[in-house]
Amino acid sequence: MTTPIPRSVIFIAKLVVLAKSIFTAQALLMIFIIIVGKVGFRFEQPIPIGMLWWLSMGWFSALGVAAVQLYLSMKIRSFAVPVGLAVCLCIAGLVCYITGLGSMFPYSQLILGLSSQEKTLPIDSLTTLVPMVVFYIVFFILLASRRLKKIDIVAG
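It should be emphasised that the depicted structure is a prediction, and the values quoted were computed from it without experimental measurement.

Conventions and cut-offs
- Residues numbered from 1 in each chain as written.
- Predicted model: local features only at pLDDT ≥ 70, side-chain atom pairs only at ≥ 80, totals over all residues.
- Heavy atoms only, no water.
- Phe/Tyr/Trp six-rings, centres within 6.5 Å; stacked < 30°, edge-to-face > 60°.
- Buried < 20%, exposed > 50% of the residue type's maximum accessible area, 1.4 Å probe, protein only.
- Helix = DSSP H or I, 4+ residues; strand = E, 2+ residues; numbered from the N terminus.
- Contact = heavy atoms within 4.5 Å.
- Core = buried A, V, L, I, M, F, W, Y, C linked by side-chain atoms within 4.5 Å.
- Polar contact = N/O pair within 3.5 Å; in protein donor to acceptor, adjacent residues only side chain to side chain.
- Axes fitted to C-alpha atoms, helices over the stretch in contact; angles between N-to-C directions.
- Left-handed = near helix turned anticlockwise from the far one by under 90°.
- Nonpolar A, V, L, I, M, F, W, Y, C, P; charged D, E, K, R; others polar.

To continue, consider the packing of aromatic side chains. Within a pair of aromatic rings, the relevant descriptors are the distance that separates the centres and the angle that separates the planes. Within the structure shown, the criterion is met by eight aromatic pairs. Aromatic pair phenylalanine 41 and phenylalanine 43: ring centres 5.9 Å apart, planes at 20 degrees, arrangement stacked. Judged by relative accessible area, which is 56%, phenylalanine 41 ranks as exposed. Centroid distance phenylalanine 139 to phenylalanine 140: 5.1 Å. Interplanar angle 80 degrees. Geometry classified as edge-to-face. For phenylalanine 139, a relative accessible area of 37% gives the class partly exposed.

Here is the structure:
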């Protein structure tokens, strides 16, 4: 916090690290699915190119949740509370998705992004998913940089 860089850059750097981690996890999941399908179940079909779409949309939709969780972790000093909130908010996200309010709630957007493995390109969810994820990322970057400017950070 003593370096002469803007406060928002700190939050963005943490979000970039999270984005890399999420992408790695998504890529490993895709690789494991392919290995299990080809080796374990001996599927003969070619690997669907739509899996790349699924990988990218799952990764992108997780960025909004990452921004929210990063802000909550920054605001709440405990480790367990943000994790518990994430579990509860994921359940609330499932409820919002089922009731049709999923496009507005960041934890429901994971479902929208990961349901993109359908045979056709889900343009209807794409037109709501991308702007909302971008909104949540920008909103929580601004909120975090505002918090970092106003509140002194206490170690320990």
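On to the side chain of glutamine 69, then. Locating glutamine 69 in the fold gives a position in helix α2 (residues 50-75). Discounting chain neighbours no more than four positions away, the residues touching glutamine 69 are Pro82, Ala86 and Tyr107.

Moving on, we get to the nonpolar core. In terms of nonpolar packing, the biggest core is built from 25 residues, with Phe11, Leu15, Leu63, Val133, Ile137 and Phe140 touching the most fellow members. Only α1 (7-40), α2 and α5 (123-150) provide two or more residues apiece to this core. Examining the composition of this core, we find that 11 residues originate from one element, α2, more than from any other. Those residues in contact with phenylalanine 11 that lie beyond four places of it in its chain are Ala67, Leu70, Tyr71, Phe140, Ile141 and Ala144. Counting residues in hydrophobic clusters, the runner-up holds five residues, among them Ala27, Met30, Trp54 and Leu55.

All right, on to the side chain of serine 145 then. Tracing the sequence through the fold places serine 145 in helix α5. Since its relative accessible area comes to 8%, serine 145 is described here as buried. Looking at serine 145, its side chain comes within polar contact range of the main-chain oxygen of leucine 142, at 3.0 Å. Excluding its chain neighbours within four sequence positions, the residues that come into contact with serine 145 are Arg7 and Ser8.

For the pair α1 and α2, the least separation of the axes is 9 Å and the interaxial angle reads 145 degrees. The two elements α1 and α2 cross, and the hand of that crossing is right-handed. Split by residue class, the contact of α1 with α2 holds 22 nonpolar, two polar and one charged.

Moving on, we come to the packing of α2 against helix α3 (residues 80-99). Axes are the key here: two packed helices are described by the angle between their axes and the distance separating the axes. Put simply, α2 and α3 touch, their axes get as near as 9 Å, and they point 145 degrees apart. By crossing handedness, the relation of α2 to α3 is classed as right-handed. Residues Gln69, Leu72 and Ser73 of α2 touch α3, and the partners they reach there are Pro82, Leu85, Ala86 and Leu89. Its residues assigned to classes, the contact of α2 with α3 shows five nonpolar, two polar and no charged.

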